Amino acid sequence: MAVGGFAVDAPANGLNGKITLSVVITCIVAASGGLIFGYDIGISGGVTTMEPFLKKFFPAILKKAAGAETNMYCVYDSQVLTLFTSSLYLAGLVSSLLASQVTKSLGRRNTMIFGGCIFFVGGAINGAAANIAMLILGRILLGLGVGFTNQATPVYLSEIAPPKWRGAFNTGFQFFIGVGVVVANCINYGTARHTWGWRLSLGLATVPATVMTVGAFLIPDTPSSLVERGKIDQARHALRKVRGPTIDVEPELEQVITLSQVSKVMEQESFMTIFEKQYRPQLVMAFAIPLSQQLTGINIVAFYAPNLFQSVGFGNDSALLSAIILGLVNLASILVSAAFVDRFGRRFLFILGGIQMLICQIAVSVVLAMVTGVHGTEHTSKGSAIMVLVLLCFYAAGFGWSWGPLCWLIPSEIFPLKIRSPGQSIAVAVQFLMVFVLSQTFLTMLCHFKFGAFLFYAGWIAVSTIFIILFLPETKGIPLDSMYAIWGKHWYWRRFLVKGQVNQVDLT
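**So, the overall build of the chain**
Thinking step 1. A count of helices and strands for the chain gives 22 helices and 2 strands.
Thinking step 2. Relative to its 508 residues, the chain shows a buried fraction of 62%.
Thinking step 3. Residue pairs in contact within the chain that sit at least 24 positions apart in sequence constitute 82% of those at least 6 positions apart.

Okay, structure coming up:
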């Protein structure tokens, strides 16, 4: 077909779709960007249950916990405490919106390096914090770093991976998030008894930042990003490196160059382009997928798992150990997703995971209602606390093979090149906005809604699963440059496509 004066032929199965050792190593190094996000998710909840940390910064919570008739759901209800967790995501929201222009100007790889350096500084400040102001400043810098890396890394993986295996490679980002969560929970468990333990837990955030930043220096930028910035020879070299020395990369390079030229000829890329009618399906998904992921309640469980387990009857060590178990279950389920996402497709995993999470959230709510009473003042037994842990493990497993990795995969693969950076920025920004709102309000909501808080998330899981069934087309195995065509075949989204392009491939 001809687009903007250029003849473009879309390959049926993608170019050079073989897996090479080089592309595997490159994608593993890039996916390690998830370490910093996962480490932060895991570390904050455990730190906020450490007595030395609370004694130094939040003594009122310790006093409340000692109350004989304290409502178990309200022990950790403190807006300043939740700000310690949520401030990172407010900063991440800001940086994710800026990241679109940064990734376009600096490239995907350099944006990851930039984000890693900022995260390193934030971790160092948190570890040395002497007051709440330093804590919040460190968290803001951590958020800025996470915002840049979370925008650049999924796009990098989608652009560098062979189309047939794009889902599995992109799942690597969520896998490393899971690794970061587990490592953080283990560190919390090991340091909880020491007066300086919270400093070590927070300060060690510099380690995953170093791993990711150094690793990013060792990998090439994506061919699409290099061509976008006029670096044709470097793009050719990058393609040879990831596709293998025996592969003729010129056809793929010519296609990438053509795509970039089409984008520039049709119009100068601007953030507002994504709001055009023809990109309405992608825009809706950029909002709906990350919004739905957060409304499953997963990050709330991840942030506050130690607080929750301590509230329902576990001691501090048992609560931290339970958080480790939860993280390991989630990590194992991500491997299941990597194995099946390119075999059974995105929709199947979305629906299966949604049903599983829905059942588990309702069951958790029922168990808590039965054992804690209406006012949350009844003492829970060890058996009921273990039941809550088991149900949340099944819940985490359902998330790990569905909404977890797919939330990063879908937005990174559905956008045409022209709107890929701003589209990914919107998706990441929506996620950070929802994480901020939910993490800032969850402990207060738990205090007032009690066990009903889990029914709140169950309701949203049901709505999100129905949305997937009705509105998300299958994207398994479709090359990025052919993705536009799937919307033209959908019963609802085809009405938004430009006339004459419904059954064609739009490469802009």
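**Looking at the pattern of salt bridges**
Thinking step 1. In total, this model carries 8 salt bridges according to the counting rule given.
Thinking step 2. Taking the shortest distance from any N to any O, the salt bridge between Arg-236 and Asp-233 comes out at 3.0 Å. Here the residue Arg-236 and the residue Asp-233 both occupy positions in helix 12 (residues 232-243), the gap between them amounting to 3 residues, near one helical turn.
Thinking step 3. With relative accessibility at 60%, the residue Asp-233 sits in the exposed group.
Thinking step 4. Here Glu-413 and Arg-346 are joined by a salt bridge, their closest N and O atoms 3.1 Å apart. With Glu-413 in helix 19 (residues 403-414) and Arg-346 in helix 17 (residues 346-372), this residue pair connects regions lying 67 residues apart in the sequence. Comparing Glu-413 with Arg-346, the two get one shared label, buried.
Thinking step 5. Three or more residues joined by partner-sharing salt bridges are found here, namely Arg-108, Glu-159 and Glu-228.

**Side note on helix 14 (residues 280-294)**
Thinking step 1. With 15 residues, helix 14 should reach 21 Å at 1.5 Å per residue; the first-to-last C-alpha distance of 22 Å fits that figure.
Thinking step 2. Of all 15 residues making up helix 14, 11 are buried, and the element is well covered by its neighbours.
Thinking step 3. Those residues of helix 14 that fall on the buried side of the exposure criterion are Pro-281, Gln-282, Leu-283, Met-285, Ala-286, Ala-288, Ile-289, Pro-290, Ser-292, Gln-293 and Gln-294.

**Quick notes on the nonpolar core**
General note: in soluble globular proteins, nonpolar side chains tend to be found buried as a group.
Thinking step 1. Grouped together as the largest cluster of nonpolar side chains are 65 residues, with contacts concentrated most on Met-285, Phe-309, Leu-326, Phe-350, Tyr-395 and Phe-442.
Thinking step 2. Within the second largest apolar cluster, 58 residues are counted, among which are Ile-61, Leu-88, Val-182 and Val-428.

**Concerning helix 2 (residues 34-47)**
Thinking step 1. When the terminal C-alpha atoms of helix 2 are compared, their 20 Å separation across 14 residues agrees well with the 20 Å that a helix rising 1.5 Å per residue should span.
Thinking step 2. The element helix 2 is extensively covered by neighbouring structure, given that 14 of its 14 residues are classed as buried.

**Concerning a nonpolar patch on the surface**
Thinking step 1. Nonpolar side chains collect at one region of the surface, where Leu-97, Phe-271, Met-272 and Phe-275 lie side by side and expose about 370 Å² of accessible area between them.
Thinking step 2. Positionally, Phe-271 belongs in the loop between helix 13 (250-266) and helix 14.
Thinking step 3. Phe-271 sits in the partly exposed class, given a relative accessible area of 33%.

**Brief notes about the packing of aromatic side chains**
Thinking step 1. Inspection of the entire model under this criterion finds 22 aromatic pairs.
Thinking step 2. Their ring planes at 75 degrees and their centres at 4.9 Å tell us that Tyr-492 and Trp-493 sit as a pair that is edge-to-face.
Thinking step 3. Look at Trp-493 and you get buried, because its relative accessible area is 3%.
Thinking step 4. Among the aromatic side chains, those forming a connected cluster through ring pairs are Phe-467, Phe-471, Trp-487, Trp-491, Tyr-492, Trp-493 and Phe-496.
Thinking step 5. Seen from the ring of Phe-57, Lys-56 lies directly overhead, with NZ or CZ sitting 5.7 Å from the centre.

**A word on the environment of Cys-393**
Thinking step 1. By secondary structure assignment, the location of Cys-393 is in helix 18 (residues 382-400).
Thinking step 2. Residue Cys-393 is classed as buried on the basis of its relative accessible area of 13%.
Thinking step 3. Spatially, the C-alpha atom of Cys-393 lies 7.8 Å from that of Ile-325, the residues being 68 residues apart in sequence.
Thinking step 4. With residues up to four places along the chain from it excluded, the contact list for Cys-393 reads Ile-325, Leu-326 and Val-329.

**Observations regarding the confidence of the model for the chain**
Thinking step 1. The predicted model of the chain averages 81 in pLDDT, with 86% of residues at 70 or higher.
Thinking step 2. Note that residues 1-16 has pLDDT below 50 and, in this model, 40 contacts with residues that lie over four places away or in other chains.

**Notes on the environment of Val-211**
Thinking step 1. Mapped onto the fold, Val-211 is located in helix 10 (residues 206-217).
Thinking step 2. Overall, the relative accessible area of 45% leaves Val-211 in the partly exposed class.
Thinking step 3. A sequence separation of 95 residues divides Val-211 from Gly-116, and the C-alpha atoms of the two residues are 8.9 Å apart.

**Considerations on the side chain of Gln-294**
Thinking step 1. Secondary-structure assignment places Gln-294 in helix 14.
Thinking step 2. Those residues in contact with Gln-294 that lie beyond four places of it in its chain are Asn-299, Gln-431, Met-434, Val-435, Leu-438 and Tyr-457.

**Notes on the packing of helix 6 (residues 108-127) against helix 7 (residues 132-160)**
Helix-helix packing is characterised by the crossing angle of the two axes and by the distance between the axes.
Thinking step 1. In the contact formed by helix 6 and helix 7, the axes pass within 7 Å of each other and the chain directions differ by 160 degrees. With respect to each other, helix 6 and helix 7 are oriented roughly antiparallel. Helix 7 is crossed by helix 6, and the crossing has left-handed handedness.
Thinking step 2. When grouped by side-chain class, the residues that make up the contact of helix 6 with helix 7 number 17 nonpolar, 10 polar and 4 charged.

Cut-offs used in this document
- Residues numbered from 1 in each chain as written.
- Predicted model: local features only at pLDDT ≥ 70, side-chain atom pairs only at ≥ 80, totals over all residues.
- Heavy atoms only, no water.
- Helix = DSSP H or I, 4+ residues; strand = E, 2+ residues; numbered from the N terminus.
- Buried < 20%, exposed > 50% of the residue type's maximum accessible area, 1.4 Å probe, protein only.
- Contact = heavy atoms within 4.5 Å.
- Salt bridge = Lys/Arg side-chain N within 4 Å of Asp/Glu carboxyl O.
- Expected span 1.5 Å × (residues − 1).
- Core = buried A, V, L, I, M, F, W, Y, C linked by side-chain atoms within 4.5 Å.
- Patch = residues over 30% accessible without salt bridge, like charges linked within 9 Å, V, L, I, M, F, W, Y side chains within 5 Å.
- Areas by Shrake-Rupley, 256 points an atom, 1.4 Å probe, with all protein chains shown as cover.
- Phe/Tyr/Trp six-rings, centres within 6.5 Å; stacked < 30°, edge-to-face > 60°.
- Lys NZ or Arg CZ within 6 Å of the ring centre and 35° of its normal.
- pLDDT = per-residue confidence, 0-100.
- Axes fitted to C-alpha atoms, helices over the stretch in contact; angles between N-to-C directions.
- Parallel < 35°, antiparallel > 145°, perpendicular 65-115°, else oblique.
- Left-handed = near helix turned anticlockwise from the far one by under 90°.
- Nonpolar A, V, L, I, M, F, W, Y, C, P; charged D, E, K, R; others polar.

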